[in-house]
Number of protein chains: 2
Amino acid sequence: MEAATRIRIVLVGTQHPGNIGAAARALKTMGLSRLVLVAPEQYPADEAFRRAAGADDVLAQAPVVATLAEAISDCRFVLGCTARSRRVALEELGPREAASKVVALAAADEVALVFGRERTGLSNEELQLCHASVHIPANPEYSSLNLAAAVQVLAYELRVALLAGHALPDATATPRQELAASHAQMEGLFAQLGETLDDIDFHKGRAPDSAMRKLRRLFLRATLTEQEVRLMRGILADAQRMARLAGAKAPE
Amino acid sequence: MEAATRIRIVLVGTQHPGNIGAAARALKTMGLSRLVLVAPEQYPADEAFRRAAGADDVLAQAPVVATLAEAISDCRFVLGCTARSRRVALEELGPREAASKVVALAAADEVALVFGRERTGLSNEELQLCHASVHIPANPEYSSLNLAAAVQVLAYELRVALLAGHALPDATATPRQELAASHAQMEGLFAQLGETLDDIDFHKGRAPDSAMRKLRRLFLRATLTEQEVRLMRGILADAQRMARLAGAKAPE
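Rules and cut-offs
Residues numbered from 1 in each chain as written. Chains lettered and ligands numbered in written order. Predicted model: local features only at pLDDT ≥ 70, side-chain atom pairs only at ≥ 80, totals over all residues. Heavy atoms only, no water. Contact = heavy atoms within 4.5 Å. Buried area = accessible area lost by both parts, 1.4 Å probe. Salt bridge = Lys/Arg side-chain N within 4 Å of Asp/Glu carboxyl O. Polar contact = N/O pair within 3.5 Å; in protein donor to acceptor, adjacent residues only side chain to side chain. Pairing = 2+ DSSP bridges. Helix = DSSP H or I, 4+ residues; strand = E, 2+ residues; numbered from the N terminus. Domains from an automatic or database assignment. Core = buried A, V, L, I, M, F, W, Y, C linked by side-chain atoms within 4.5 Å. Buried < 20%, exposed > 50% of the residue type's maximum accessible area, 1.4 Å probe, protein only.

### Considerations on the interface of chain A and chain B
For interface size, the figure often reported is the accessible area lost on association.
Inference 1: Across the boundary between the two partners, chain A contributes 62 residues, which contact 62 residues of chain B.
Inference 2: Together chain A and chain B conceal approximately 5100 Å² of surface at their shared face, both sides included; 65% is due to carbon and sulfur atoms.
Inference 3: For the pair chain A and chain B, the interface holds five salt bridges.
Inference 4: Our enumeration of links across chain A and chain B arrives at 26 residue pairs in polar contact (both at pLDDT 80 or more).

In structure tokens:
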């Protein structure tokens, strides 16, 4: 199950070190081993290693980084776990479909499953780095899954999907013709798109955030290939060139 | 989901009271509420109530009995959770099939899902009271699921099965918030996109077909909403306006 090695579980801003240890244990029981910690509040901590039980190797290998962007820069698909449907209108998957999508993509690409803080989850900014969200269908009257419990449920679904994929040896063996764009490539596109909207005076005084949010959603949802990113950036470059020419003409 | 009220989760001989609390929380998050404790080692205990968080009602209502036989005396189907295939030759189910069987039977009958001790699981005598066993397909090299984590995984599968049974009639009734663009709207977008590529001189003498084919594929795959089509067309209109200004400047 080599695909398992391309799946990383990212914990963002975890408050309780015990949850980090319990998450490491949950991963290892399900045959996963790649944990990345983004700005944990208290770490390293004895409590984390105590709760990891025999999964202290997973913990010992887990990089600690400062931002989610760093944790996922080379990922081609990023899934954010949300406690409920969010303001950010990301595509929302159930755990089962999310797991089969992650496992299918992990046949060739680096993918990440991201969990937010115990109290407050992922920020809207962090969610905007995700291609889609996954929501565990908890009891609406009491949806407070413990962080490690949420990791356990999704790691379990990943294992079921990995085992299913394994049993069908050829299902994932089909080579993908085109590589999905990485996080960094998509951010490059979005940066240029933002500049272009300014250059062609798209906003006309309105705040640019809303349009950019909608455009990010559209293009992340489509999971662009590297070639498509190059195509889009070529179009934007020409639009920018025209805007510069027009500006040279009518600077008033 | 009345069937949920006929499903009881039985914890036998639990050693750590924290696990009892965490199990109560796991049940409640998945919409289950019936917990039965068979001869817990330390109970009641503050640690159990602390870990139960907002699920202390589940804990407060949980009967404590002396034997598994007592806990399941009125049950018509009893499923024992085992860490691995056991000496007792019980029928062994995976979590998914176990959950759908439990939920189907719970439509009419009392059913129980039984979890053993942290270290040693269920005794052979206790397993002989079960109709079948359920095994979570853990990593064979590290299968030590925490008790509460095992309860969480099975409670999750029960919830998925309960929702599937319950939600079938309404599954397609959920209104989509945003209407997908019609074929004609998408063709309108593509026509304007084609004009814009000409206006900004994107093709530079190359045949336009290949780029347009790739762009159609990208935007059709994303299934744009009507609002997104309007947004894209607004951007294209501004790029076209700039191209006209630039053209007026440098017509040579």
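### Quick notes on the sheet that holds strand E2 (residues 35–38) of chain A
All names here are of chain A.
Inference 1: Read from one edge to the other, the open sheet built from seven strands follows the order E3-E2-E1-E6-E4-E7-E5, with strand pairing classed as parallel. Since the sheet does not close on itself, it has two edges, and those belong to strand E3 (64–65) and strand E5 (92–93), each with one partner.
Inference 2: Taken together, the four bridges between strand E4 (residues 77–81) and strand E6 (residues 111–115) define a ladder with parallel strand orientation. What sits directly across from phenylalanine 77, in E6, is valine 111.

### What to know about the domain arrangement of chain A
Residue and element names in this part refer to chain A.
Inference 1: The domain architecture assigned to chain A consists of domain 1 (2–167) and domain 2 (183–249).
Inference 2: Domain 1 puts 11 residues into the contact, and the matching count from domain 2 is 11 residues.
Inference 3: Taken as a group, Arg76, Gln128 and His131 account for 46% of the area that domain 1 buries against domain 2, more than any other trio of residues on that side.
Inference 4: Across the contact surface, domain 1 and domain 2 share one salt bridge.
Inference 5: Residues arginine 76 and glutamate 226 are paired through a salt bridge, measuring 3.1 Å at the closest nitrogen-oxygen approach.

### Considerations on the nonpolar core
Inference 1: If you look at the biggest cluster of nonpolar residues, it comprises 98 residues, and the most contacted ones within it are Leu35 and Phe115 of chain A together with Leu35 and Phe115 of chain B.
Inference 2: If we ignore the near neighbours within four places in the chain, the residues touching phenylalanine 115 of chain A are Ile9, Val10, Leu11, Val12, Cys81, Leu122, Leu147, Ala150, Val151 and Leu154 of chain A.
Inference 3: Among the nonpolar cores identified, the runner-up in size contains 49 residues, and Phe190 and Phe202 of chain A together with Leu231 and Met232 of chain B belong to it.

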